Amino acid sequence: MHDFKFAFRQLLKTPAFTFAAVLTLALAIGVNSAIFALVHRLVLKPTIAKDPASVVGIYTARKGENAGYRQFSYAEFEALRQAPEVFSDVCSLGFSLAGIGVDAETARRSFALFVSDNYFQLFEGSLPLGRAFTAAESKPGADIPVMVISHDYWKRLGRKEAVIGSSLRVNGEAFTVVGVAPHGFSGGHALLAPDAWFPLGVFARIGASQFSDQASTDLANPRVFSLNLIGRLAPGVTRDAAKGLLAVLDQRINALAPPDSGPPRELQVHQISRFNISTEPDSGAEFNVMGSVLLGLAAVVLLIASLNLANMLLARGATRRKEIALRLALGAGRGRVIRQLFVEGLLLAVLGGMGGLALSYWANSLLLGTMSGLFESMSFSIILDFRPDATVLAATFGFCLVATILFSLGPAVNLTRVDLANDLKQTAGEFAAARGGLSSGFFAPRHLLVMAQIALSLALVFCAALFFRGGAIAATLDPGFNTKGALVAEIDYSLIRVKAADALPRFVRLRDRVLEMPGVKGAAVSSLAPYNNNTDTRRLLKAGEAVDAPLKAGEQRGASGVYHAITHGYFLTLGMPLLEGRDFTAAETDQPGPPRVIVIDDKLAKRLFPDGGALGQRVKYSTADPDGKRPEMEIVGIVRNHRHEVLGTESHAHIFVPLAQAPESSAFLHIRLANEDPAAASAFLPSLRRLFRSFDADLPLLRASTLAELVDRNIGNWVVRMGAALFGAFGLVALLIAAVGVYGVHSYAVSRRTREIGIRMSLGAQPGDVFQLIMGQGARQTGFALAIGLLLSLGVGQLVTSLLYRVSPYDTIALTGSIVTLGTAALIACFLPARRATRVNPMTALRAD
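Here the structure is a predicted model, which means the values were calculated and not measured.

Here we take up the pairing of strand β10 (residues 228–233). Extensive coverage of β10 is indicated by the burial of six of its six residues. The two faces of β10 match: N228, I230 and R232 on one face and L229, G231 and L233 on the other face are all buried. In the sheet, strand β1 (residues 55–62) pairs with β10 via four bridges, with the strands oriented antiparallel. The residue of β10 that forms the bridge with I58 is L229.

Encoded structure:
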């Protein structure tokens, strides 16, 4: 405690130094604390409270093939539930969208999960309020309208315990709230949670408005594969051991398969995904890589800041050398003095850590705010909580301790290596000039530290430049359709209990009303909108291709594409040119019935028919309809490929069918204006909303915007922009610290060489000679450091390749820009002390003691 009190008094004596040191450490430790809190919450912290290692995802795939994952039927779920030799418990879940609210005005479309009665027990054990579902409520077709709401939704309702037993409106019907999920509960997901859970018994009731075919929601139908399975391994059974026990269960599952269901299947168990609900295993490797890279770069920022602080302490120590020599001469042990100096560094680090922790919480809260706005439009709730917990606090203190060792210990040891006779005689700070040698030359310790800062900073600035390049490329990417003069409105009739088949004529009438508006060039309805953060895929086979034909190793059957159900005029409205054939007719898209026709893009045509001639060919889906049939469709048109999302090195292939063949209750109305001025498109929106109200006062309009705004809100665009901002912050902090370090060292060097400069000028040296001397040394050190940093940058570019968007890790523009930016900043930092050196008065310098 005596050491801390003395250190506090010492720091108060030099407020400018203390402020600069604490600010530098707050930036560096804040970056590390923020990144650790983010990575810990998303990647490291278990998402399952109860024995997370025993919880696994269960998957089914075609035996011996590389593809063919699908969901499970209810019968398959029941069979696996009765396998105590492998699983102590198995739960099932399906998912859909539902309009949930207290009344019609507060209803919003939300992501909803349909789960078995043991779902909450498998994950948590009990609910803080109310109860979980009963076995009777979870039986297919039970149709008992009950629900469990999320803790976040309960908060929005006012945290009232009386919510248990009350009713909420789900797709316009009353559902009784029987439970509230624990705070932060998401069913194993690290980022998102639904607003509500429903028993499997109401899957048909809620799903009926989403599907045109009632059989698609009938869980009792063995051909309806709508469930994902999660299991808890039996006591003593490891994941590897379970894989060896699944062969017997494979036989049970294959025995339940309907006729003509394709090749036999095999079961797999994998770690449950932290980031999605998928029919395929997902290890989240890309998030692990991203977390490792972010932690590594944050550590580099801490190292740069520590090197800068070490330089500051070396300079400050020069003024204390006489004090240290006197203390040692009076009997103080060297270890005692080192401990005192180390405590001073630790106090600085703790003060910086406190500021860094506040900065960390603010930065992550800002990030959370941008994510909440993004995912709210996608019908999810964010469950992230960045309030510092014990792990984050311990990590932040660890960063403080590491920083102290890095920047404090070396200068402390150096400062206690004294020459008592000379140090007691000399005035403070003259030792470096008097001793000469490496300590005051090109490779002086302080110069080596600055060169290390520059080299490391170049690597971080280069990373930032790579991500900025990715953002610039994403902004100029040709989507394959025209966003100018285009509007899009999302409408979900399921929110007012209109079935998909009944929604079709409403969409057609609404489209026709919009086409009558002045200034409208085209209008069409589609089940998907490009860049809208959701995807529906189908796999196509040639008409004569057998579903169960043997495949070679690595070969896949047919070709898949993003599935769109559209009305006549869609391609004209979106500005997608037809390359061959024709568009659908109004009769084909607006009226159910034959003929079965399809349009594909040129990418899918090349995959299915590499020799050409796709037009007029007949194709079918790889998966049968719930009635077991695979109707054939004739390819009547081929359009140019377009992008469906930002991320991905290649655009998806696309499938288009008439909306009447597969009607949906939720769809997008696309509108093309004759005037392509962006201001005209925005000005048209109020008129469009008035038309919607006049068409139907209860029209469930979710949003209406320009197509350009929809593209801008795409999650891929957000990821690219956030990556650029995040790594840009890394680069900016590193650039700032490096520039301050260069300036501080050269400014200190000039102050220590004042007498030398005075002597040189009194002997005839001109100001230009002095400037060249100081600036030349700084330029040589900067050039040497940039050369080392160039090698580091190329290595770092390779490491972050998986995170880059369509940018080479050797991008010459990013590399050149980084070198010029950092080199210019370093030279300016050298220029200012060199210019001050030319103004030294020789007589004043020679008279100075």
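Having seen the structure, we can now continue with the description.
This structure, assessed with the given rule, holds 23 aromatic pairs. Geometrically, the ring pair formed by F467 and F727 is stacked, given 4.0 Å between the ring centres and 5° between the ring planes. One end of the pair, F467, is in helix α14 (residues 445–475); the other, F727, is in helix α21 (residues 715–752), and 260 residues separate them in sequence. Pairing Y570 with F656 gives two aromatic rings, centres 6.0 Å apart and planes at 45°, and the pair type is tilted. Separated by 86 residues along the polypeptide, Y570 in helix α16 (residues 570–574) and F656 in strand β21 (residues 654–658) bring together distant segments of the chain.

The subject of this paragraph is the pairing of strand β13 (residues 486–492). Sheet faces and side chains relate simply in a regular strand, where the side chains alternate between the two faces. Extensive coverage of β13 is indicated by the burial of seven of its seven residues. Side chains A486, V488, E490 and D492 of β13 all project onto a buried face; the interleaved residues L487, A489 and I491 project onto the opposite face, where all are buried too. With five bridges connecting them, β13 and strand β23 (residues 701–706) associate as antiparallel partners. In the sheet register, A489 faces β23, and the bridge partner there is A704.

Attention now goes to the confidence of the model for the chain. Averaged over every residue, the pLDDT of the chain is 84; the share at 70 or more is 91%. In this model residues 427–439 is a low-confidence stretch, pLDDT under 50, and it forms 28 contacts with partners more than four residues away in sequence or in other chains.

Burial of nonpolar side chains together is a common tendency in soluble globular proteins. By size, the foremost hydrophobic cluster in this structure holds 95 residues, and its most contacted members are Y119, F120, F123, W197, F407, F727 and F730. Among the elements that take part in this core, helix α2 (residues 15–44) stands out by supplying 14 residues, more than any other. L540, I600, L659 and A667 belong to the second largest nonpolar core, which has 50 residues in total.

Note that side chains of opposite charge can pair when their charged atoms are close. Using the criterion set out here, one finds 18 salt bridges in the structure. With its nearest N and O atoms 2.6 Å apart, the salt bridge here joins R205 to D143. Residue R205 is found in helix α6 (residues 203–207), and its partner D143 is found in the loop between β4 (129–130) and β5 (146–149); the two are separated by 62 residues along the sequence. Take D143: its relative accessible area is 34%, and that puts it in the partly exposed class. One continuous salt-bridge network, built from bridges that share partners, spans D3, R336 and R339.

Reading the values: rules and limits
Residues numbered from 1 in each chain as written. Predicted model: local features only at pLDDT ≥ 70, side-chain atom pairs only at ≥ 80, totals over all residues. Heavy atoms only, no water. Buried < 20%, exposed > 50% of the residue type's maximum accessible area, 1.4 Å probe, protein only. Helix = DSSP H or I, 4+ residues; strand = E, 2+ residues; numbered from the N terminus. Pairing = 2+ DSSP bridges. Phe/Tyr/Trp six-rings, centres within 6.5 Å; stacked < 30°, edge-to-face > 60°. pLDDT = per-residue confidence, 0-100. Contact = heavy atoms within 4.5 Å. Core = buried A, V, L, I, M, F, W, Y, C linked by side-chain atoms within 4.5 Å. Salt bridge = Lys/Arg side-chain N within 4 Å of Asp/Glu carboxyl O.

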